[in-house]
Amino acid sequence: QAAGALFAGLAAAQPQSAAIQLEYARTLIAQGNISAARGALERATHVNPSLAEAWRELSLLQAGAGETLACDRCYARYRALARPERTLNEPLVLIDNGRPEAAEKLLRQRLSREPQNVAALRVLARALAMREDYGAAEAVLEECLRLAPGFSEARYDLALLLSEQQRPEGMLSLIARLLELEPQSVPYRILQSVAFNLLARAEESLAVLAQLRADVPRDERVWMYYGHALRAAGRTAEAIARSEERRVGKECRSR
């Protein structure tokens, strides 16, 4: 209460200070005054759109209000500004070099000091998945999303993890939220087609891929998945024809 009174006075005296608005919002959140806190955070992001932490705090309040799209947009702004993975270069290099155990050791040391570091948790999930400890990786990604509901990259990683385990049941809801934020994302739409295919909904998978072929006709991934989907639907001859069509098209463009 004392901090709230102090920051209320400072915020009134210095309305153009985004940092003060942010700290005032944090005291209001601690007091349970969510509506006023949201107003302070909106003022902070208006005064200084580059204040990363204000976007993160705002995304959490929007998540609590059930405003998923606004939450995801704000968290994307936070990540673009803060670039949290920049402090995780060493474990990322270890993962890229095929040393997930060494990366996991470093990440667990980091997380012992910063248990709510969601960027480190996401990288830890990658290391665990490389070791095929899928249950642990899934639990870590779910913790990421509990701490940061707007963390789209963690949501995508979780959908991929379920795909790798041939567990499509939980994929579609994850992908639907991702597509709400980025409806034209090619990786998200491809993963949606994979989920439909795993659920034996071949025609829906083909419809997604057919639209992708029209939107990004030169994307090799789309043609590959389209061929797989045709084959899964029992349309093998058409899959071969489409593959030949793609090969001829590539040759013509290269001449």
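Our subject is the structure listed above.
Draft legend 1. The nonpolar core, seen in detail. Core analysis: the largest hydrophobic core is formed by 61 residues, its most contacted members being L41, L88, V118, F151 and I175. Sorting elements by how many residues they give to this core places helix α8 (residues 118-130) first, with 10 residues. Setting aside its immediate chain neighbours within four residues, I175 contacts A159, Y188, L191, Q192 and A195. Counting 12 residues, the second largest nonpolar core, distinct from the first, contains V186, V194, L206 and V208.

Draft legend 2. Here's a closer look at helix α2 (residues 18-31). An ideal rise of 1.5 Å per residue puts 20 Å on 14 residues; α2 measures up with 20 Å between its terminal C-alpha atoms. Every buried residue of α2 is accounted for by A18, I20, Q21, L22, Y24, A25, T27 and L28. Where the residues of α2 are buried, they touch α1 (2-13), α3 (34-47) and α4 (52-64). Looking one or two residues past α2, G32 carries a phi angle of roughly 85 degrees, positive in sign.

Draft legend 3. Main features of the packing of α3 against α4. At a minimum axis separation of 9 Å, α3 and α4 run at an interaxial angle of 145 degrees. As α3 packs across α4, the resulting crossing turns out to be left-handed. Contacts between α3 and α4 pair I34, A37, R38, L41, E42, A44 and T45 from the former with A54, W55, E57, L58, L61 and Q62 from the latter. Grouping the amino acids of the contact of α3 with α4 by side-chain chemistry returns 8 nonpolar, 2 polar and 3 charged.

Draft legend 4. Structural detail: helix α7 (residues 100-113). Over its 14 residues, α7 extends 20 Å from the first C-alpha to the last, a length consistent with the 20 Å expected when each residue adds 1.5 Å. Every buried residue belonging to α7 is among P100, A103, E104, L107, R110 and L111, and all of these are buried. Seen from one end, α7 has its buried residues packed into an arc of 125 degrees, which puts them on one side. Of the exposed residues in α7, those oriented more than 90 degrees away from the buried face are E101, K105, S112 and R113. Tucked into the core, α7 has its buried residues touching α6 (89-96) and α8.

Draft legend 5. Region of the structure containing the packing of aromatic side chains. Across all of its chains, the model carries 3 aromatic pairs by this definition. Ring geometry for Y75 versus Y78: centroids 5.2 Å apart, planes at 50 degrees, classification tilted. Here the residue Y75 and the residue Y78 both occupy positions in helix α5 (residues 68-82), the gap between them amounting to 3 residues, near one helical turn. Overall, Y78 belongs to the buried group, its relative accessible area being 10%. Ring centres of Y156 and Y188 lie 5.3 Å apart, and the angle between their planes is 50 degrees; this geometry places the pair in the tilted category. A residue pair is termed long-range when its members are at least 10 positions apart, and Y156 in helix α10 (residues 152-164) and Y188 in helix α12 (residues 186-198) qualify at 32 residues. You can call Y188 buried: its relative accessible area is 9%. Through successive ring pairs, a cluster of aromatic residues spans Y75, Y78 and F151. A cation sits over an aromatic face here: R213 above W223, 4.8 Å from the ring centre.

Draft legend 6. Molecular detail of the environment of A200. Along the chain, the position of A200 falls in the loop between α12 and α13 (202-215). Linking A200 and G234, residues 34 residues apart in sequence, is a C-alpha distance of 12 Å.

Draft legend 7. Up close: the environment of I175. As for its position among the elements, I175 is in helix α11 (residues 171-181). Each C-alpha atom, one on I175 and one on Q192, is 6.3 Å from the other, the two residues being 17 residues apart in sequence.

Draft legend 8. Layout of the packing of α2 against α3. At a minimum axis separation of 8 Å, α2 and α3 run at an interaxial angle of 165 degrees. As summarised for this structure, α2 and α3 are arranged roughly antiparallel, according to the angle between their axes. By crossing handedness, the relation of α2 to α3 is classed as left-handed. Residues A18, Q21, L22, Y24, A25, L28 and I29 of α2 touch α3, and the partners they reach there are I34, A36, A37, A40, L41, R43, A44 and V47. When the residues that make up the contact of α2 with α3 are grouped by side-chain class, the tally is 13 nonpolar, 1 polar and 1 charged.

Draft legend 9. View of the state of the cysteines. Scanning the entire structure with this criterion turns up 0 disulfides. As a non-bridged cysteine, C71 has C74 as the owner of its nearest cysteine sulfur, 7.6 Å distant. Residue classification places C71 among the buried residues on the basis of a relative accessible area of 0%.

Rules used in this analysis
Residues numbered from 1 in each chain as written. Predicted model: local features only at pLDDT ≥ 70, side-chain atom pairs only at ≥ 80, totals over all residues. Heavy atoms only, no water. Core = buried A, V, L, I, M, F, W, Y, C linked by side-chain atoms within 4.5 Å. Buried < 20%, exposed > 50% of the residue type's maximum accessible area, 1.4 Å probe, protein only. Helix = DSSP H or I, 4+ residues; strand = E, 2+ residues; numbered from the N terminus. Contact = heavy atoms within 4.5 Å. Expected span 1.5 Å × (residues − 1). Axes fitted to C-alpha atoms, helices over the stretch in contact; angles between N-to-C directions. Left-handed = near helix turned anticlockwise from the far one by under 90°. Nonpolar A, V, L, I, M, F, W, Y, C, P; charged D, E, K, R; others polar. Arc of directions from axis to C-beta. Phe/Tyr/Trp six-rings, centres within 6.5 Å; stacked < 30°, edge-to-face > 60°. Lys NZ or Arg CZ within 6 Å of the ring centre and 35° of its normal. Parallel < 35°, antiparallel > 145°, perpendicular 65-115°, else oblique. Disulfide = S-S within 2.5 Å.

Purely spatial values, then, with no claim about function.
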